[in-house]
Structures are given as C-alpha cells and as structure tokens.
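Coordinate inspection notes
So the chains spell out like this:
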Amino acid sequence: QAVGGADTYAMSAAVAQAFFASSRIAGFASEATYPDELSGDAHIGGIGGPIILVPATGALPAAVSSYLSGSAVSSGYLYGGTSAVSPAVQSEVAGS
C-alpha cells in the first residue's frame, strides 16, 4: 500500500491512518528533533501505536489535526518534552 503526504506532518498522519487506524494510543515528536522521532517511534511502535510528527512551535498542521479529531487516539506519549515541543503545541495536541 502506497502512503504519501504533502510534508512530513501529513505523511505521519497518513501512515497513522493507514496502519494504525484503530490505535487508542499515539506518540508525538517534533519534526525538528530526529533523535526524539527515532527513539519515540521504536517505543510507540512496540506498543502498537503510530508516531505523529508535530511542529516545535506554532499551530498543528491541518493533516495532524484532522487525523487526531477522526481517530480513536485517547492517550499518548510526548518525546522530547517541552524543550522539543512547546507547551502551546502540547495543549493543542491534548485538545484534539
């Protein structure tokens, strides 16, 4: 199955939808911090969830917001903490 997206955020949401459609858990990491993405992906994949890339600051991309609002995800892990993902982005993820 081919999966694509306009950018890394859309790609992570598309992969999550295609391969983890019923997952109730997800991992979140900044697209700007590769070590957090890599280690987070290994962890969350091991427990059956997708990794969703988010910006370090600013608004959530539409593809990520759309995925979260239509998914079964009800809990998650944030990789990198507030040094990698701002509290405002964390709040937006939690509110989706």
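Summarised in this report is the structure supplied together with it.

1. Comments concerning the overall build of the chain
- From N to C terminus, the chain includes four helices and three strands.
- Ordered by position in the sequence, the α and β elements of the chain form the string α-β-α-β-α-β-α.
- Taken over C-alpha atoms, the radius of gyration comes to 12 Å for the chain, in line with the 12 Å a tight globule of 96 residues would show.
- When its C-alpha atoms are laid out on the principal axes, the chain stretches across 35 × 25 × 25 Å.
- Taking all 96 residues of the chain together, the buried fraction comes to 38%.
- Across the chain, every contact between residues at least 6 apart in sequence was considered, and the portion connecting residues at least 24 apart equals 68%.

2. With respect to the sheet that holds strand 3 (residues 75–79)
- The strand order across the open sheet formed by three strands is 2-1-3, and the pairing between neighbours is parallel. For this open sheet the edge positions go to strand 2 (51–54) and strand 3, each flanked by a neighbour on one side alone. The mean inter-strand angle of the sheet, taken between neighbouring strand axes irrespective of direction, is 30 degrees.
- With four bridges joining them, strand 1 (residues 25–30) and strand 2 adopt parallel strand pairing. In the strand pairing of strand 2, Gly27 is matched with Ile51.

3. Digging into the nonpolar core
- Membership of the largest hydrophobic core comes to 17 residues, with the highest contact counts inside it found for Ile52 and Val54.
- For this core, the secondary-structure elements that each account for two or more residues are helix 1 (8–19), strand 1, strand 2, helix 3 (62–70) and helix 4 (87–95).
- Discounting residues that sit within four places of it in the chain, Val54 has contacts with Tyr9, Phe28, Ala29, Ser30, Glu31, Leu60, Val64, Val85, Val89 and Val93.
- Within the second largest apolar cluster, five residues are counted, among which are Ile25, Ile44, Ile51 and Tyr79.

4. Digging into helix 1
- In this model, helix 1 (12 residues) spans 16 Å end to end at C-alpha, consistent with the 16 Å of a helix rising 1.5 Å per residue.
- For helix 1, every residue scored as buried is listed here: Tyr9, Ala10, Ser12, Ala13 and Ala16. Buried residues in helix 1, looked at end-on, bunch into an arc of 160 degrees, giving them a common side.
- Residues of helix 1 that are buried in the fold lie against strand 2 and helix 3.

5. Brief notes about the side chain of Ser23
- Looking at where Ser23 falls in the secondary structure, it is placed in the loop between helix 1 and strand 1.
- Looking at Ser23, the relative accessible area reads 9%, which means it is buried.
- At 2.7 Å, the side chain of Ser23 forms a polar contact with the backbone oxygen of Ile25.
- Contacts of Ser23, omitting those with residues within four sequence positions, involve Gly48, Gly49, Pro50, Ala72 and Val73.

What counts, and where the lines are drawn
Residues numbered from 1 in each chain as written. Predicted model: local features only at pLDDT ≥ 70, side-chain atom pairs only at ≥ 80, totals over all residues. Heavy atoms only, no water. Helix = DSSP H or I, 4+ residues; strand = E, 2+ residues; numbered from the N terminus. Rg over C-alpha atoms; globule rule 2.2 N^0.38 Å. Buried < 20%, exposed > 50% of the residue type's maximum accessible area, 1.4 Å probe, protein only. Contact = heavy atoms within 4.5 Å. Pairing = 2+ DSSP bridges. Axes fitted to C-alpha atoms, helices over the stretch in contact; angles between N-to-C directions. Core = buried A, V, L, I, M, F, W, Y, C linked by side-chain atoms within 4.5 Å. Expected span 1.5 Å × (residues − 1). Arc of directions from axis to C-beta. Polar contact = N/O pair within 3.5 Å; in protein donor to acceptor, adjacent residues only side chain to side chain.

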